[in-house]
Amino acid sequence: MSPMKQRSTLSSTKVILISIMMCIQATCIKAIQRNTFRRSAFVTAVTSSPLKRYETSKRAIYHPLLLQATTRSSSTTTTTTQNNSPSPNKKTPTTGRLRRLPVVKAPAELIDKARKTAKYVKADKAIKNAKKRAQKEGAETMDAITKALCVPLRDIVNGYKYEMKHLHPFEKVVADLTARARQKKDGLTLMDVLNEIHEARKEILLAGKDWTAAAKNADSAREASELILEGSERLYDLFNDLASSPVTNIIQLQKSLRTTPAVRLDTPAVVLVGAPNVGKSSIVRAISSATPEVNNYPFTTRGMTLGHVEVFWNEDVRATTSIIPDSDLSLEPTQSYAFSQLCQIMDSPGLLVRTEEGDRNEMESLTLAAMQHLPTAVMYVLDLSGEAGDKCSSVADQLQLRKEVRARFPRRPWIDVVSKIDLGLVPGAKEQLEDILDGTPYIELSIQENVGVDELKVEVMRMLGEVRVVLDAMAAVDERSARPVSSTDK
């Protein structure tokens, strides 16, 4: 074939390929437009249907997360309709990031790893000149030691700053409260410790560069070898002096942060709230898989304890029965269930009556943060027997605290529980409670005598069902908060 015909054939092929690519591009644009229209129509239909309007106005309205999701979806629908193209969604923070904090090794382990790294550096036998060979080996050895010491410090600082920036609001409060408790002990905040690690890394990096340059410019092979021994020990000593203490502090802080329960945002939850030593932990042990500490002194619960109960739902999203996971209880269904779900029961530190909100300690602030930032129902527990301790949990204080907490969270699914009724009641306490409740029913409970336990479980399932309605409504208006859909849901 002549060159002229070859060029003509290639030109025709290019034209055909360009035409095909333009057709594919046009098809993709139309598909994106159709998908955008369907998504907008779906969101509009969900938020405007009578059922969802009822859920939003009557039940789902109690939690601000649903209102935010509804507003965000409405604005997204308007923007999409106008621009005829989907707008990028920012990632919504999820819980569990505290458990994904960078793994920090002990200072001794980091130094041992640096020593091992240095041993892997070998002399370049291709270099015949002994001096140059030793210079190269010395420079590479000092550079390897410097990197082995500095890179982990850099990863600690960058990793912590990234994860803390993307924490869920509840976990941000947890991290802040943990750091504040640590600050009271040694006067250092988390940022102080991270800054110390950052400054230590810079000093070690500068010293490492100096020793690398010295080895590279050694006057003899013997001097290069001596610089390796001297420089490495100097760097290890510098690491111990500057980085060892802040790294140890980070490890201790991390132990507290990583033990925080990872609350699932797409799963119904009930949080137990009340004054210290009113029996919350005993109730959690009785109705869930959690095993919190139970003792007769205030503030037994020093953090959030998370338990689970498996709830079986009907097709109309009503809880029918429940079992405690990993227990000896066996469930023999008398009817078919749409699906089951592990729901969450949270035990929280006790609250005290405070004249000023800023007077609350870290444990109390943790309880309020759980109620403020997590979509939970509330079980408010009172001990009217007079055995909870007059100084911090008197009957008058418990009733006052109940009014304050209910006023702060008026739309939450709520149940009041009077525990330890087997110990009797303080004269007049029941009448005072009923005046505050104004006809709202409550449960009288005795874990020891198994009084009211079954009734409480029924109420817990009812509240979990209400929370699930909220979560489903949130999932309808914001796909990013949707719960995982199982095969039985479809």
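See the structure shown above.
Residues numbered from 1 in each chain as written. Predicted model: local features only at pLDDT ≥ 70, side-chain atom pairs only at ≥ 80, totals over all residues. Heavy atoms only, no water.

Summarise the overall build of the protein; cite the residues concerned and give the values.
Within the protein, the regular secondary structure consists of 15 helices and seven strands. Per-residue burial over the protein gives 43% buried out of 490 residues. Across the protein, every contact between residues at least 6 apart in sequence was considered, and the portion connecting residues at least 24 apart equals 77%. Accessible surface for the protein amounts to roughly 26,500 Å². Of this, 53% is attributable to carbon and sulfur atoms. (Helix = DSSP H or I, 4+ residues; strand = E, 2+ residues; numbered from the N terminus. Buried < 20%, exposed > 50% of the residue type's maximum accessible area, 1.4 Å probe, protein only. Contact = heavy atoms within 4.5 Å. Areas by Shrake-Rupley, 256 points an atom, 1.4 Å probe, with all protein chains shown as cover.)

How would you summarise helix H9 (residues 244-258) if you had to cite specific residues and measurements?
With 15 residues, H9 should reach 21 Å at 1.5 Å per residue; the first-to-last C-alpha distance of 21 Å fits that figure. All of the buried residues in H9 are Ser244, Pro246, Val247, Asn249, Ile250, Ile251, Leu253, Gln254 and Leu257. (Expected span 1.5 Å × (residues − 1).)

Give a detailed account of a nonpolar patch on the surface, specifying residues and quantitative values.
Judged by side-chain polarity, Ile16, Leu17, Ile20 and Ile24 come together as a nonpolar surface patch covering roughly 380 Å² of accessible area. With respect to the helices, strands and loops of the structure, isoleucine 16 is situated in helix H1 (residues 3-48). (Patch = residues over 30% accessible without salt bridge, like charges linked within 9 Å, V, L, I, M, F, W, Y side chains within 5 Å. Salt bridge = Lys/Arg side-chain N within 4 Å of Asp/Glu carboxyl O.)

Go over the packing of aromatic side chains with me, naming the residues and quoting the values.
This structure, assessed with the given rule, holds one aromatic pair. Between tyrosine 380 and tryptophan 414, the ring centres sit 5.9 Å apart and the planes meet at 15°, which makes this aromatic pair stacked. Taken as a pair, tyrosine 380 in strand E5 (residues 377-383) and tryptophan 414 in strand E6 (residues 414-419) lie far apart in primary sequence, 34 residues in all. Residue tyrosine 380 is classed as buried on the basis of its relative accessible area of 1%. Taking the relative accessible area as the measure of exposure, tryptophan 414 reaches 10% and is therefore buried. (Phe/Tyr/Trp six-rings, centres within 6.5 Å; stacked < 30°, edge-to-face > 60°.)

I'd love a proper account of unusual backbone geometry, names of residues and values included.
Peptide bonds are trans in most cases, and residues, glycine excluded, mostly fall at negative phi. Phi at asparagine 277 is positive, roughly 65°, even though this residue is not glycine. Examined against the element boundaries, asparagine 277 turns out to sit in the loop between strand E1 (269-274) and helix H10 (280-287). Unlike most non-glycine residues, asparagine 450 shows phi in positive territory, near 60°. Counting through the fold element by element, asparagine 450 comes out in the loop between strand E7 (442-444) and helix H15 (453-477). The exposed category is assigned to asparagine 450, whose relative accessible area is 53%.

Mind laying out the nonpolar core, listing which residues take part and the relevant values?
Counting residues in hydrophobic clusters, the biggest one holds 100 residues, and the most contacted among them are Leu149, Phe170, Ile250, Ile283, Met379 and Leu456. Here this core takes 10 residues from helix H5 (residues 130-165), the largest share from any one element. Ignoring any residue separated from it by four or fewer positions in sequence, one finds phenylalanine 170 in contact with Val263, Met304, Leu366, Ala369, Ala370, His373 and Leu374. (Core = buried A, V, L, I, M, F, W, Y, C linked by side-chain atoms within 4.5 Å.)

Tell me what's going on with a negative patch on the surface, and back it up with residues and numbers.
Together, Glu431, Glu434, Asp435 and Asp438 make up a negatively charged patch on the protein surface. Counting through the fold element by element, glutamate 431 comes out in helix H14 (residues 429-437). The class of glutamate 431 is partly exposed, set by a relative accessible area of 46%. (Lys, Arg positive; Asp, Glu negative; His and termini not counted. Charge placed at Lys NZ, Arg CZ, Asp CG, Glu CD.)

With reference to specific residues and values, describe the pairing of E1.
Most of E1 is tucked away, with six of its six residues classed as buried. Residues Ala269, Val271 and Val273 line one face of E1 and the alternating positions Val270, Leu272 and Gly274 line the opposite face, and both faces are buried. The pairing of E1 with E5 spans five bridges and is classified as parallel. Bridge pairing links leucine 272 to methionine 379 in E5. (Pairing = 2+ DSSP bridges.)

So what's going on with the packing of helix H7 (residues 190-216) against helix H8 (residues 221-242)? Which residues, and what values?
Between two packed helices, both the angle of their axes relative to each other and the distance between the axes serve to describe the pair. For the pair H7 and H8, interaxial distance at closest approach is 10 Å and the crossing angle is 175°. Taken together, the axes of H7 and H8 are roughly antiparallel relative to one another. Seen from H7, the contacting residues are Ala200, Glu203, Ile204, Ala207, Gly208, Trp211, Ala214 and Ala215; seen from H8, they are Ala224, Leu227, Glu230, Gly231, Arg234, Leu235, Leu238, Phe239 and Leu242. Among the residues forming the contact of H7 with H8, the class breakdown is 12 nonpolar, two polar and three charged. (Axes fitted to C-alpha atoms, helices over the stretch in contact; angles between N-to-C directions. Parallel < 35°, antiparallel > 145°, perpendicular 65-115°, else oblique. Nonpolar A, V, L, I, M, F, W, Y, C, P; charged D, E, K, R; others polar.)

Can you tell me about the pattern of salt bridges, naming the residues and giving the values?
Under the counting rule described, the total for this entry stands at 15 salt bridges. Note that arginine 234 and glutamate 230 form a salt bridge whose closest N and O atoms lie 3.4 Å from each other. With arginine 234 and glutamate 230 both in helix H8 and four residues apart, this pair spans about one turn of that helix. Arginine 234 sits in the partly exposed class, given a relative accessible area of 48%. We note a salt bridge from lysine 430 to glutamate 444, for which the minimum N-O separation is 3.4 Å. In this pair, lysine 430 sits in helix H14 while glutamate 444 sits in strand E7, placing the two residues 14 residues apart along the sequence.

Any chance you could break down the side chain of aspartate 416 for me, citing the residues and the numbers?
Inspection of the secondary structure puts aspartate 416 in strand E6. Classification of aspartate 416 by relative accessible area gives buried; the value is 1%. There is a polar contact of 2.8 Å between the side chain of aspartate 416 and the side chain of arginine 402. With sequence-adjacent residues up to four places away left out, aspartate 416 is seen in contact with Tyr380, Leu382, Arg402, Leu437, Tyr442 and Ile443. (Polar contact = N/O pair within 3.5 Å; in protein donor to acceptor, adjacent residues only side chain to side chain.)

Describe the environment of alanine 388, and please don't skip the residues or the numbers.
Inspection of the secondary structure puts alanine 388 in the loop between E5 and helix H12 (390-393). A relative accessible area of 5% means that alanine 388 is categorised as buried. Between the C-alpha atom of alanine 388 and that of asparagine 277, which follows or precedes it by 111 residues, the distance is 5.5 Å. Excluding anything up to four places from it in sequence, alanine 388 contacts Pro276, Asn277, Val278, Asp383, Ser393 and Gln398.

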